[in-house]
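# Report on the structure
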Amino acid sequence: MTDEDREVQARARALADELIPHEVQAEMNGGRLAPEVERRHEERARELGFGAINMPKELGGGGFTSFQQVLVQEQIGRPTNALGWVVHTPASWLPKVASKHQLDTWVIPTIRGERGECYAITEEDAGSDVDAIRATAARDGEEYRLNGVKWHVTSFNRSDYVFFQAKLANGPHSGAHAMFIVDLDTPGIRVVRTPAYTHTYGHHHPVVAFEDVRIPAANLVGSEGDGMLFAYEWFRYERLMIAARALGAMERLIEEATAFARDRHAYGRPIFDNQAIQFMLAYSLTELWASRLMTYRTAQGIDEGVDVKVQHAQCSMAKLSASEAAGRVADRAVQIFGGRGYMRENVAERFYRELRVDRIWEGTSEIQRLIIADQLAKRGSRTLVG
Ligand SMILES: Cc1cc2nc3c(=O)[nH]c(=O)nc-3n(C[C@H](O)[C@H](O)[C@H](O)COP(=O)(O)OP(=O)(O)OC[C@H]3O[C@@H](n4cnc5c(N)ncnc54)[C@H](O)[C@@H]3O)c2cc1C
């Protein structure tokens, strides 16, 4: 790490430390805090220089290296209830394909923190198999007409536009994927329902219907047929950042469980003195280190310009390793806390639930294994892991 990297890491840690005391209140209040507190946290993130850390400096973003982004995400993975999401990371793939109109209307205001986006790709019958989507986009003069029902649209309640992925219903690229930017106040967009999820986040994941939604042709991102390219780029980025946040969660769990084990007495001595407890913590720390090295190295490789297919496999390996390890670490932490670990006011209980989704979203663990195996077959292990 350079001095600058260390300074970025320390600044992010300070932000996370300010958020942690608000977790229990969020947990008991459907994930939300008082509006003025939420506003303050957003402002604080920006004051500390964490506005749009992944976006180019020339557009007003932070221009952080991939490695620095991982360091920040690792720290904001330490608070539960997604309180760390005050560090916004807009669509980093967008600036290089966005038109001037799109830059002015969505990209730059998002970097400034004035607008917010969500993603609508998944459908009831299309999750892992993205190509199975049924949503359509039909060109109609200078407009597209969008139809489809999207599931799990994260942050819909805190966004004002959505990236909508559909298959083209007509024209020369009929059947190909395309991505569109859609303002959420466009007529024809309807929340079907807002299911409750395992975690308690202030960000909801509703089912959203798009019924004859008419948007200007200028809202098409890139060209017709490009839709999957953007999705893959975003998946790659988010997989690495999920790995980073899982590292932060693991570190927090290990620290809290170790402190508890030293303090808690049973049979007249600290429970830490039992090898059964020590072994759980020792293995957790070992798993954290392994995933951390992998995640850091993957990010540094991206900064060094490693081949994009190798990046793809390495991001999958980092996510697979860190998310699976984090699940095990949380499970052990609950065990160490005993009955307290089953109470929602306890950090281990919250992470035990919250970390589960990291093995599902942005590609399940099974899909990560398929990606890794595919790259192994095509490129061989030395190309992928040295
Ligand atoms: C909280 C949450 C937030 C989300 N946010 C968003 C969002 O903002 N936008 C969005 O578009 N999507 C979002 N998603 C959707 C998420 O990306 C999908 O849930 C995920 O990709 C899995 O798809 P699925 O749920 O349809 O499962 P399925 O694809 O139906 O898979 C079910 C099971 O089958 C397994 N499986 C499938 N195919 C194979 C195979 N070939 N080999 C082996 N096993 C296989 C899977 O691994 C899984 O275990 C979110 C999901 C959740 C839970």
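Residues numbered from 1 in each chain as written. Predicted model: local features only at pLDDT ≥ 70, side-chain atom pairs only at ≥ 80, totals over all residues. Heavy atoms only, no water.

### What to know about the pairing of strand β7 (residues 207–216)
For a regular strand, the rule is simple: side chains alternate between the two faces of the sheet. Test applied: A pair of strands is labelled paired if DSSP reports no fewer than 2 bridges between them. Secondary structure is summarised from DSSP: a helix means a run of H or I of at least four residues, a strand means a run of E of at least two, and numbering begins at the N terminus for each.
The sheet contact formed by strand β3 (residues 143–150) and β7 spans seven bridges and is antiparallel. If you follow Arg145 over to β7, its bridge partner there is Arg214. As defined by bridge partners, strand β6 (residues 189–193) adjoins β7 across four bridges and the pair is classed as antiparallel. By the bridge assignment for β7, Ile189 is matched with Phe210.

### A closer look at empty space enclosed by the protein
What counts, and what does not: Site definitions follow a grid-based scheme: protein atoms alone, a 1 Å grid, a 1.4 Å probe that fits but cannot get out for cavities, and for pockets an open set with protein on both sides within 12 Å along at least five of seven lines, plus lining residues having an atom within 4 Å of a point. Grid points are joined across faces, edges and corners, and a volume is the space filled by probe spheres set on the points. Residues were grouped as follows: Ala, Val, Leu, Ile, Met, Phe, Trp, Tyr, Cys and Pro as nonpolar; Asp, Glu, Lys and Arg as charged; and all remaining residues, including Gly, as polar.
Counted according to the given criterion, the structure contains three cavities of 30 Å³ or more. Taken together, 18 residues form the lining of the largest cavity, with Gly77, Trp85, Tyr201, Arg245 and Asp358 sitting closest to its centre. Among the secondary structure elements, those contributing two or more residues to the lining of the largest cavity are α6 (227–263) and α9 (347–354). It is α6 that contributes the most residues to the lining of the largest cavity, four residues altogether. Looking at the lining of the largest cavity residue by residue, the class counts come to 13 nonpolar, two polar and three charged.

### As for the packing of helix α4 (residues 66–76) against α6
Just so we agree on the cut-off: Angles shown run from 0 to 180 degrees and are taken between the N-to-C directions of axes, each axis being a line fitted to C-alpha atoms and, for helices, limited to the stretch in contact. Our angle categories are set so that under 35 degrees counts as roughly parallel, over 145 as roughly antiparallel, 65 to 115 as roughly perpendicular, and the remainder as oblique. If you view the pair so one helix is near and one far, a crossing is left-handed when the near helix is turned anticlockwise from the far one by less than a right angle, and right-handed when it is turned clockwise. Contacts are assigned to residue pairs that have any heavy atoms within 4.5 Å of one another.
Packing of α4 against α6 brings their axes to within 6 Å, and their N-to-C directions diverge by 45°. Between α4 and α6, the interaxial angle falls into the category oblique. In this structure, α4 meets α6 at a crossing whose hand is right-handed. For the pair α4 and α6, contact is made by Ser66, Gln69, Val70, Gln73, Glu74 and Ile76 and by Tyr237, Leu240, Met241, Ala244, Arg245, Leu247, Gly248 and Glu251, respectively. Per-class residue counts for the contact of α4 with α6 are seven nonpolar, four polar and three charged.

### Re unusual backbone geometry
Defined as follows: Note on exposure labels: buried denotes an accessible area under 20% of the residue type's maximum, exposed denotes more than 50%, and partly exposed covers the range between, all computed with a 1.4 Å probe on protein chains only.
One non-glycine residue, Asn81, adopts positive backbone phi at about 60°. Locating Asn81 in the fold gives a position in the loop between α4 and α5 (100–111). The exposure class assigned to Asn81 is buried, which follows from its relative accessible area of 2%. Non-glycine residue Tyr267 carries a positive phi angle of around 55°. Looking at the element boundaries, Tyr267 is found in the loop between β9 (265–266) and β10 (269–270).

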